[in-house]
Amino acid sequence: MSLKRQLLILFGSIGLLSVVHAATITTPETMVVSRSDDAETEATLDVDTVTEGPVQPIKLTKMDVKSVISMRYAHTAIVAHVRNAANKSQEANFRVLLPDTAFISGFVMTLDGKSYKAYVKEKKEAAQIYQTAVSQGIGAAHIAARARDSNHFTVSVNVEAFTKATFNLTYEELLEYRNGVYNHAVNLQPGQLVSDFTVTIDIRESNKITELRVPEIRTGNEIDATKDDEQISNAEITRCDNGAVILFKPDLDEQKRLMSVYAEKSKDSLRGNVEGVLGQFVVQYDVERPKDGEVLVNGGYFVHFFAPADLAPLRKYVVFVLDTSGSMYGRKIEQLKQAMQTILSELNPGDYFSILSFDSDVLVTDIADADKEPPKRKYSYYDRHDVKPTLKPASKATPENIARAKIIIDRLEANGGTNIDAALGTAIDLIRNRSELFANSTSSNKDEILSLEPIIIFLTDGDPTVGEMNPKTIIKNVAEKNYGSDEATIFSLAFGEDADPKLLRKLSLRNNGFARHIYEASDAALQLRDFYRQVSSPLLSHVKFVYAPDQVIESSVTKTKFRTYYAGSEVVVAGQVDTATRDLESTVEAFCGDENDHFLRKKITKKIKVPVPVEKSDLPLERLWAYLTIKQLLDASDASDATEEEKKKETSPEQQALKIALKYEFVTPLTSLVVVKPNETDAVNAEPVGDRESGQKYGLLSLTDSHRQPISSPAMYRPSLNAMSPLAFSAFPNRGYTAFNKRPVQALFSQDSMRVESEAVDDYDYEQRFGVDPPSTPVAYAPPAWSTTPVIEQSTTSNGSNYHLQEYPWAEPYVDVSSDSLVFVAANNTITLKLVSSSEPPKSESECSKPVSGDAGRCVYLTRCQAARNITIDTYKSHYCDVAGFAGVCCPQDSIAV
């Protein structure tokens, strides 16, 4: 006899998950999974299942990761197969390390032949559902392996004795074009050796692939790989003009080697056990791009890619605003000095620069002081910090001036408080008064400096502690100064974990830049230099995309105006095409440097006209549009000072983003992923209880504004050192709980200690600690009414097992048992294809032109195609075919079963 259980999983896209092991050690990157016992079943351990001696642990038998990258838009499917060979139930953990720029778009788990599909709900509603399941919780586990700019997703489930389980997670993201290549990374974190382990990266582009790099496995905690890095030797790469397939199948010996290398490289940056981590698999590529840009149109949507390269760079005036407060003492200040030595050397001829250091006070550097003895600075708590610093004219980036600036940088000392408001105000004053400062100097370059592109690079490692300390007032003060023709782009760098990410993100979003996290590690200087190189060469200013209003739906078009375009990056615009449009015309207007006089600017215009195809192809333009629109709406929401009431208005960026996320089933900062394993005998509708605040008290680490991605660009989203699709797997025997007056609390989250703990408290203690009544008995959660995907009601028998679809978990949620059919929606039409229950599938087949991979294929019954096992429903919608009325797929010839 086994316990009847309900399982509810709630996932917020930047929230993180953890599950119990023997020890409950956690990191801040954790979130919660709720599991509770059936209300009609006493939560006690079934004695019949307890055996003496060691229990054979759950085994990860197979792991498949497949990323399909179409027009720079990546769709990744992760499928893990596990088996419990023991004679008792055990708990299994499915972990995926996600890039913080990705949106989860689907999750299906198959337990003992039964499939359960997750649904996306608005976060507050999901939080209410979560509260009902929190009364019987599990603890937390340390996750040692991590990668920068990434998040954990973990699910803990009970796998019954002698059964199998399959997990299928999909997520999507638009790849960033950075340093001249698209970057795609996959973290390999199986947690144990896997006998059948495959990673496939399938790239499909509209233009010729000009560069393809697959560097050696990395740790995920370095700066981007370059063309000089050693390339991997045991990946199989198949190339054609417009595509490539990279296949990586490490055997057990290779997995052992990679685990050893990862552990050695990571011993200085990670604490805890890193067993079972292979590292990060990276693919970088570039494509041949038309001179005037590229516009793709499909299915009523368009995407405009623009990344010009052969342009004279704009000269810039960059003000370095450097935090030298006491918290920068030691390694941080030394790394800053090291990075600035290289950055100064990489200033372009004709650039101008100023160096401003700040602690409790602000100091504008005069490079002439490099030839003098450094002054002795004294710090006192009683010093006044409202004295305005003396402004100095900018320095031209000549070899002599750069050499002097390096001496000044080498003299920087860390001491005092953090006067952010005064530092930013002074930096803007330098830019706005640059002409007057030159008029009072002996320089003859007054006209030159007025034509420069103004940039502020602002680095800090902490909160404001001196002067104005209210973040809203600081941002308001900057806005009142930084405007008009002299408006500067502000890039913010958060050094370490103590800076205010909300302040820096909002500051940069409002001033045409982006914020970046500089991790406090041995390579911090490299991170700073890598960031600078991405913004060191502005090529265009005041970039504007124009589309005829009668050809597009104006309200659907994403951001069309960009302050600056930088070499090595890419601007992407997307929108909906009017149904009457036969040809789409686009114009890009901008200003670039003059080849003959780099201090002059000239206007350029790029025009493109493309036909609107009648037939829809499998380009993912609609989902790319939805992804990009949500990202930019969230940026707009984060940059605003809207009240909670204003955010609830239907026209607010937050509500618009929520509407699109629900329609396309994206897990975003506004939505959560909920999956319920129903009671085997009952089906009960959800009863909302409580509110979000109460949910957080119960331990729900729901995504608040402060957990949103703190380091992103409006035009360049940075998944650089993230994990495209890592997975970790572990297991332990299932434990029972005694449901008397003690309640195992899911996760007691302490804001002070940033630790998740597991403990039991009685009802009185629960009320005293959280200020609310203990949660009630969990109920099953019904699929949301808004879902655009046909949902087949679950039965006690697996939908897939009746039709031999156990190896095709993505298909099981779309099986209609009543009609023995596969039912789904494609191109706004409901498609119904027959399934067979016999062990002999239909043998008829025919030629087809678009297989799920490769160049040539044949239309065969679904279960005859091995290549279709790890695809997604979206991929199937583009490659399905009719086999005498049965569900078929266009399959590569070498993947067809006889």
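Basis of the calculations
- Residues numbered from 1 in each chain as written.
- Predicted model: local features only at pLDDT ≥ 70, side-chain atom pairs only at ≥ 80, totals over all residues.
- Heavy atoms only, no water.
- Helix = DSSP H or I, 4+ residues; strand = E, 2+ residues; numbered from the N terminus.
- Buried < 20%, exposed > 50% of the residue type's maximum accessible area, 1.4 Å probe, protein only.
- Areas by Shrake-Rupley, 256 points an atom, 1.4 Å probe, with all protein chains shown as cover.
- Disulfide = S-S within 2.5 Å.
- pLDDT = per-residue confidence, 0-100.
- Contact = heavy atoms within 4.5 Å.
- Arc of directions from axis to C-beta.
- Polar contact = N/O pair within 3.5 Å; in protein donor to acceptor, adjacent residues only side chain to side chain.
- Pairing = 2+ DSSP bridges.
- Axes fitted to C-alpha atoms, helices over the stretch in contact; angles between N-to-C directions.
- Left-handed = near helix turned anticlockwise from the far one by under 90°.
- Nonpolar A, V, L, I, M, F, W, Y, C, P; charged D, E, K, R; others polar.
- Phe/Tyr/Trp six-rings, centres within 6.5 Å; stacked < 30°, edge-to-face > 60°.
- Lys NZ or Arg CZ within 6 Å of the ring centre and 35° of its normal.
- Parallel < 35°, antiparallel > 145°, perpendicular 65-115°, else oblique.
- Salt bridge = Lys/Arg side-chain N within 4 Å of Asp/Glu carboxyl O.

### Points about the overall build of the protein chain
Link 1 in the chain: For the protein chain, the helix and strand inventory stands at 16 helices and 42 strands.
Link 2 in the chain: Split into buried and exposed, the 898 residues of the protein chain put 59% on the buried side.
Link 3 in the chain: Carbon and sulfur atoms make up 48% of the accessible area of the protein chain, which totals about 36,400 Å².

### As for the state of the cysteines
Link 1 in the chain: Enumeration over the complete set of coordinates arrives at three disulfides.
Link 2 in the chain: In this model cysteine 848 forms its disulfide with cysteine 890; the gap between the sulfur atoms is 1.9 Å. The sign of the 95° torsion about the S-S bond sets the cysteine 848-cysteine 890 disulfide as right-handed. Pair noted here: cysteine 848 is in strand 39 (residues 846-848) and cysteine 890 is in strand 42 (residues 886-892), with a separation of 42 residues, a long-range link. Here the two residues cysteine 848 and cysteine 890 agree in accessibility, since each one is buried.
Link 3 in the chain: With its sulfur 2.2 Å from that of its partner, cysteine 865 forms a disulfide with cysteine 891. On the S-S bond that ties cysteine 865 to cysteine 891, the torsion sits near 85°, and the link is right-handed. Here cysteine 891 lies in strand 42 and cysteine 865 lies in the loop between strand 40 (857-861) and helix 16 (873-879), a separation of 26 residues in the sequence.
Link 4 in the chain: Residue cysteine 891 is classed as buried on the basis of its relative accessible area, which comes to 0%.
Link 5 in the chain: Numbered in order of appearance, the disulfide-bonded cysteines of the protein chain are paired 1-5, 2-4, 3-6.

### Overview of the confidence of the model for the protein chain
Link 1 in the chain: Considering every residue of the protein chain, the mean pLDDT works out to 76; 74% of them sit at 70 or more.
Link 2 in the chain: The model gives residues 1-51 a pLDDT under 50, and that stretch makes 208 contacts with residues more than four places away or in other chains.
Link 3 in the chain: Ignoring residues within four places in sequence, the model shows residues 678-798, a span with pLDDT below 50, making 380 contacts including any to other chains.

### Some thoughts on helix 8 (residues 471-481)
Link 1 in the chain: Where helix 8 is concerned, the buried positions are Ile474, Ile475 and Val478. The buried residues of helix 8 occupy one face: seen down the axis, they fall within an arc of 95°.
Link 2 in the chain: For helix 8, the secondary structure elements touched by its buried residues are helix 5 (420-432), strand 25 (489-495) and helix 9 (501-509).
Link 3 in the chain: The opening residue of helix 8, the one whose side-chain oxygen lies 2.9 Å from the backbone nitrogen of lysine 472, is asparagine 470.

### Focus on the pairing of strand 7 (residues 114-117)
Link 1 in the chain: Burial along strand 7 is two-sided: Lys114 and Tyr116 and Ser115 and Lys117, pointing in opposite directions, are all buried.
Link 2 in the chain: Hairpin connection between strand 6 (residues 103-111) and strand 7: a loop of two residues separates the two successive antiparallel strands, and aspartate 112 in this loop has a positive phi of roughly 50°.

### Focus on helix 9
Link 1 in the chain: In terms of burial, helix 9 is largely enclosed, as seven of its nine residues are buried.
Link 2 in the chain: Buried residues of helix 9: Leu503, Leu504, Arg505, Lys506, Leu507, Ser508 and Leu509, and no others.
Link 3 in the chain: Contacts from the buried residues of helix 9 go to helix 5, strand 24 (453-460), helix 8, strand 25, strand 26 (515-518) and helix 11 (621-639).
Link 4 in the chain: The N-capping residue of helix 9, defined by a side-chain oxygen 3.1 Å from the backbone nitrogen of lysine 502, is aspartate 500.

### Structural notes on the packing of helix 3 (residues 331-345) against helix 10 (residues 524-535)
Link 1 in the chain: At a minimum axis separation of 8 Å, helix 3 and helix 10 run at an interaxial angle of 35°. By crossing handedness, the relation of helix 3 to helix 10 is classed as right-handed. Across the interface between the two elements, Gln335, Leu336, Gln338, Ala339, Thr342 and Ile343 from helix 3 touch Ala524, Ala525, Leu528, Arg529, Tyr532 and Arg533 from helix 10.
Link 2 in the chain: In terms of residue class, the contact of helix 3 with helix 10 is made up of seven nonpolar, three polar and two charged.

### Some thoughts on the packing of aromatic side chains
Link 1 in the chain: According to the stated counting rule, one finds 25 aromatic pairs in the structure shown.
Link 2 in the chain: Between tryptophan 625 and tyrosine 664, the aromatic rings sit 6.4 Å apart at their centres with planes inclined by 70°, giving edge-to-face as the arrangement. With tryptophan 625 in helix 11 and tyrosine 664 in helix 13 (residues 653-664), this residue pair connects regions lying 39 residues apart in the sequence. Accessibility assignment for this pair places tryptophan 625 and tyrosine 664 in one class, buried.
Link 3 in the chain: Taken together, the ring pairs connect Tyr73, Phe103, Tyr627 and Phe666 into an aromatic cluster.
Link 4 in the chain: If you follow arginine 289 out to its NZ or CZ, it ends over the ring of tyrosine 177, 4.6 Å from the centre.
Link 5 in the chain: Residue placement shows lysine 332 over the ring face of phenylalanine 495; its charged tip is 5.8 Å from the ring centre.

### Concerning the sheet that holds strand 28 (residues 561-566)
Link 1 in the chain: Strand order across the open sheet formed by four strands is 28-27-30-31, with antiparallel pairing between neighbours. Each edge of the sheet is formed by a strand with only one pairing partner; in this case those strands are strand 28 and strand 31 (601-611). Ignoring which end each strand starts from, the neighbouring axes of this sheet average 25° apart.
Link 2 in the chain: Relative to strand 28, strand 27 (residues 538-547) is paired through five bridges, and the arrangement is antiparallel. Bridged to lysine 544 within strand 28 is lysine 561.

### Topic: the sheet that holds strand 29 (residues 571-576)
Link 1 in the chain: Overall, antiparallel pairing links the three strands, which are arranged 18-19-29 in an open sheet. Here the strands that pair on one side only, and so sit at the sheet edges, are strand 18 (294-298) and strand 29. Within this sheet the neighbouring strands show an average axis-to-axis angle of 15°, counted without direction.
Link 2 in the chain: Alignment of strand 18 against strand 19 (residues 301-306), held across five bridges, turns out to be antiparallel. Counted as the bridge partner of asparagine 298 is tyrosine 301 from strand 19.

### Brief notes about the environment of proline 809
Link 1 in the chain: Considering the arrangement of structural elements, one finds proline 809 in the loop between helix 15 (763-770) and strand 36 (815-816).
Link 2 in the chain: What makes proline 809 buried here is its relative accessible area of 1%.
Link 3 in the chain: Spatially, the C-alpha atom of proline 809 lies 9.9 Å from that of lysine 114, the residues being 695 residues apart in sequence.
Link 4 in the chain: Among all residues touching proline 809, those that are not within four sequence positions of it are Val79, Val108, Thr110, Thr166, Asn168 and Arg869.

### Considering the packing of helix 8 against helix 9
The description of two helices packed together rests on the angle between their axes and the distance between the axes.
Link 1 in the chain: The interhelical angle for the contact between helix 8 and helix 9, taken along N-to-C directions, is 20°, at an axis separation of 10 Å. Between helix 8 and helix 9, the angle is such that the two are roughly parallel. The handedness of the crossing between helix 8 and helix 9 is right-handed. Only Leu503, Lys506 and Leu507 of helix 9 make contact with helix 8, whose side of the interface consists of Pro471, Ile475 and Val478.

### Looking at the side chain of asparagine 158
Link 1 in the chain: Of note, asparagine 158 is situated in strand 9 (residues 150-159).
Link 2 in the chain: Asparagine 158 gets classed as buried once you look at its relative accessible area, which sits at 10%.
Link 3 in the chain: Polar contacts involving the side chain of asparagine 158 include one to the side chain of glutamate 160, which spans 3.0 Å.

### Points about the side chain of glutamate 453
Link 1 in the chain: Among the secondary structure elements, glutamate 453 is positioned in strand 24.
Link 2 in the chain: Within polar-contact distance, the side chain of glutamate 453 engages the side chain of arginine 601 at 2.8 Å.

### Describing the pattern of salt bridges
Link 1 in the chain: The tally for this structure, following the rule as stated, stands at 36 salt bridges.
Link 2 in the chain: Residue arginine 601 is joined to glutamate 453 by a salt bridge in which the shortest nitrogen-to-oxygen separation is 2.8 Å. With arginine 601 in strand 31 and glutamate 453 in strand 24, this residue pair connects regions lying 148 residues apart in the sequence.
Link 3 in the chain: Take arginine 601: its relative accessible area is 32%, and that puts it in the partly exposed class.
Link 4 in the chain: Judged by relative accessible area, glutamate 453 falls into the buried class, the value being 1%.
Link 5 in the chain: Taken together, the salt bridges that share partners define one network made up of Arg72, Glu205, Asp286, Arg289, Glu294 and Glu570.

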